[in-house]
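Report on the structure
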Amino acid sequence: MSTSVNVSDAPDRSVRTTLRSPRLLRTEVLAGLVVALALIPEAISFSIIAGVDPRVGLFASFTMAVAISFLGGRPAMISAATGAVALVIAPVMRDHGYDYLIATVLLGGGIQVLLAAAGVARLMRFIPRSVMVGFVNALAILIFEAQIDHMVDVPWAVYPMIAVGIAVIVAFPRLNRVIPAPLVAIVALTAFTLVSAVGVPDVGDQGELPDSLPSWFLPDVPLDLGTLQTIAPYALAMALVGLLESLLTAKLVDDITDTHSDKTREALGQGAANVVTGFFGGMGGCAMIGQTMINVKVSGARTRISTFLAGTFLLVLVVGFGDAVSRIPMAALVAVMIMVSVGTFDWHSIHPTTLRRMPRSETAVMVATVAVTVATHNLAIGVVVGVLVAMTLFARRVAHLTDTHRELLEDEHGRATAVYRVTGELFFASSNDLYTQFDYVGDPDRVVIDLSDSHIWDASTVAALDAITTKYERKGKTVTIAGLNPSSADRHERLTGRLTGH
């Protein structure tokens, strides 16, 4: 007897279970606090990239996290203002101003909702494992690279503080697994800077923290075709980049937690969260992989509670405790993110033994994904390139599995027939060479092409068969195509003789 599980209900039961357990609830609360602290400098940095006031990025991180905790399909995943979205919408702010930026965020969120309703989440199954590995490794490199700016041209005290922070994060779990080690490192290094009065860069140096709550905002833009033409390209790019990063992050969390998430609900939630964020004057965002790794992998959170609290703590910290938060040394947050980078990277994928056993094509896909992502600083572009490389190499491998065997038969009257038995999958990559496999001059007047062990996948194959038939007919020979399975026969019947204008 089988038991069906409603995936969308499972996270709710998990929330109820967590609320009843002080131990599990403590894990979620502390994880949310650590993530909130890590979000603050990131949100400020992304605001600078987008060309907006720091409060725009901070409020976006609050509204995204809180909204997605209710609307999303992947519990414990963190969504907030991100660098990828900031890069996409920055030209709108630069060329048209803040109101057009918010209009872009609102339209981008609406497009995400439409794409989710159209089933875009199902396309995730076309992303190969090697692309996912490259995505994860590129992410780890980008997280580390983002910390370099905080380690260049800084006082010498920053370096030992980072080293101490890393040591605490590595060693503290051996003593106590209840309190997240990153939180201990942040508190300890902050206390040290306050007591010693050592001069090192802190969160306050990244930008001014807001002192009021976010409020309802409607962009003052003309509701006409001109506005749509201005913002639509950026909104579409934002929607695609945001969905791709969010769905990939959800898949990564699925693998880490050995659980399944509702990707369609996640895509809908991302769109709705961006609409909510836009109406509160935020810059939009998507899933944040680094902060999600802090929440899930480092801190052990598993439910929506941690996501909700990350957004709530963020707002409370920056509005209510802005002076204290601004004193947190950047060295502490750099140490946390360095360890996130180390923990995120798939070291097994570059082990010599793995590289020797892995097909070269798989390694090439991984390297291409990493190289393009790191070069462009855009995870979406890297993934798209990785998928294209994987498709090309796969088509090349499958094309080489196609084989043509010629056999000469005679009937009881001594009339010869050339029978060509074609095996393998016939599509554009393999059928282009099919034309050269026949002896048009030496074959007898009757030719049979046996496709019993083949399958016609596209118009290129039908066009190749038409070209073969036409060339034989010009020499006064007849061609019979036999052995077509129902799908191939239907495709061949619909397309044969109709692919050229003459």
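See the structure above.
As the structure is a prediction and not an experimental result, all values here were calculated from the model.

Our next topic: the overall build of the chain. Counting its secondary structure elements, the chain contains 20 helices and six strands. By principal-axis analysis of the C-alpha atoms, the chain measures approximately 105 × 60 × 55 Å. Going through the 502 residues of the chain one by one, you find that 51% of them count as buried. Total accessible area computed for the chain in this model is approximately 23,400 Å², and 62% of it derives from carbon and sulfur atoms.

Orientation of helix 16 (residues 360–376) relative to helix 17 (residues 379–399), taken along the N-to-C sense of each, is 155°, at an axis distance of 8 Å. Considering their axes alone, helix 16 and helix 17 lie roughly antiparallel with respect to each other. When you trace helix 16 past helix 17, the crossing you get is right-handed. Contact with helix 16, carried on its side by Ser-361, Glu-362, Ala-364, Val-365, Ala-368, Thr-369, Val-372, Thr-373 and Thr-376, involves Leu-379, Ile-381, Gly-382, Val-383, Val-385, Gly-386, Val-389, Ala-390, Leu-393 and Arg-397 of helix 17 and no other residues of that element.

In this structure, Asp-153 is a non-glycine residue whose phi angle is positive, near 55°. Note on placement: Asp-153 falls in the loop between helix 6 (129–148) and helix 7 (158–175). For Ala-197, which is not glycine, the phi torsion reads 60° and is therefore positive. The exposed category is assigned to Ala-197, whose relative accessible area is 63%.

Under the defined criterion, the tally for this structure stands at 11 aromatic pairs. Seen from their ring centres, Trp-216 and Phe-279 are 4.9 Å apart, and the 10° between their planes marks the pair as stacked. Here Trp-216, found in the loop between helix 8 (181–196) and helix 9 (225–257), pairs with Phe-279, found in helix 10 (residues 263–279); they are 63 residues apart in sequence, far enough to count as distant. Put simply, the rings of Tyr-420, Tyr-435, Phe-438, Tyr-440 and Tyr-472 touch in pairs and so form one group of aromatic residues. Sitting over the face of the ring of Tyr-440, Lys-471 holds its NZ or CZ atom 4.7 Å from the ring centroid.

Between helix 2 (residues 22–50) and helix 4 (residues 83–96), whose axes approach to 7 Å, the crossing angle comes to 30°. With respect to their mutual orientation, helix 2 and helix 4 come out roughly parallel. Across the interface between the two elements, Phe-46, Ile-49 and Ala-50 of helix 2 pack against Gly-83, Ala-86, Leu-87, Ala-90 and Met-93 of helix 4.

It is worth spelling out the side chain of His-492 at this point. Here His-492 lies in helix 20 (residues 486–495). If we ignore the near neighbours within four places in the chain, the residues touching His-492 are Ile-456, Val-462, Leu-465, Ile-481 and Leu-484.

A few words now on helix 8. Each α-helix turn comprises 3.6 residues. Residues three or four places apart therefore point the same way. Its 16 residues place the ends of helix 8 22 Å apart at the C-alpha level, agreeing with the 22 Å of an ideal helix rising 1.5 Å per residue. Regarding helix 8, the residues found buried are Ala-181, Pro-182, Leu-183, Ala-185, Ile-186, Leu-189, Thr-190 and Thr-193. Elements in contact with the buried residues of helix 8: helix 2, helix 7, helix 11 (289–298) and helix 14 (330–344). Downstream of helix 8 by a residue or two, Ala-197 has a phi angle that is positive, lying close to 60°.

Glancing now at the sheet that holds strand 4 (residues 416–426). Taken together, the four strands give an open sheet; going across it, the order is 3-4-5-6, and neighbouring strands pair in mixed fashion. Every other strand in the sheet has two partners, leaving strand 3 (403–410) and strand 6 (478–482) as the edge strands with one partner each. Taken over all neighbouring pairs, the strand axes of this sheet differ in orientation by 20° on average, direction set aside. By the bridge criterion, eight bridges tie strand 3 to strand 4 in an arrangement that is antiparallel. Opposite Thr-404, over in strand 4, you have Val-422 as the bridge partner. Along the sheet, helix 19 (residues 459–474) makes contact with strand 4, strand 5 (446–456) and strand 6, crossing strand 5 at roughly 175°.

Calculation rules
- Residues numbered from 1 in each chain as written.
- Predicted model: local features only at pLDDT ≥ 70, side-chain atom pairs only at ≥ 80, totals over all residues.
- Heavy atoms only, no water.
- Helix = DSSP H or I, 4+ residues; strand = E, 2+ residues; numbered from the N terminus.
- Buried < 20%, exposed > 50% of the residue type's maximum accessible area, 1.4 Å probe, protein only.
- Areas by Shrake-Rupley, 256 points an atom, 1.4 Å probe, with all protein chains shown as cover.
- Axes fitted to C-alpha atoms, helices over the stretch in contact; angles between N-to-C directions.
- Parallel < 35°, antiparallel > 145°, perpendicular 65-115°, else oblique.
- Left-handed = near helix turned anticlockwise from the far one by under 90°.
- Contact = heavy atoms within 4.5 Å.
- Phe/Tyr/Trp six-rings, centres within 6.5 Å; stacked < 30°, edge-to-face > 60°.
- Lys NZ or Arg CZ within 6 Å of the ring centre and 35° of its normal.
- Expected span 1.5 Å × (residues − 1).
- Pairing = 2+ DSSP bridges.

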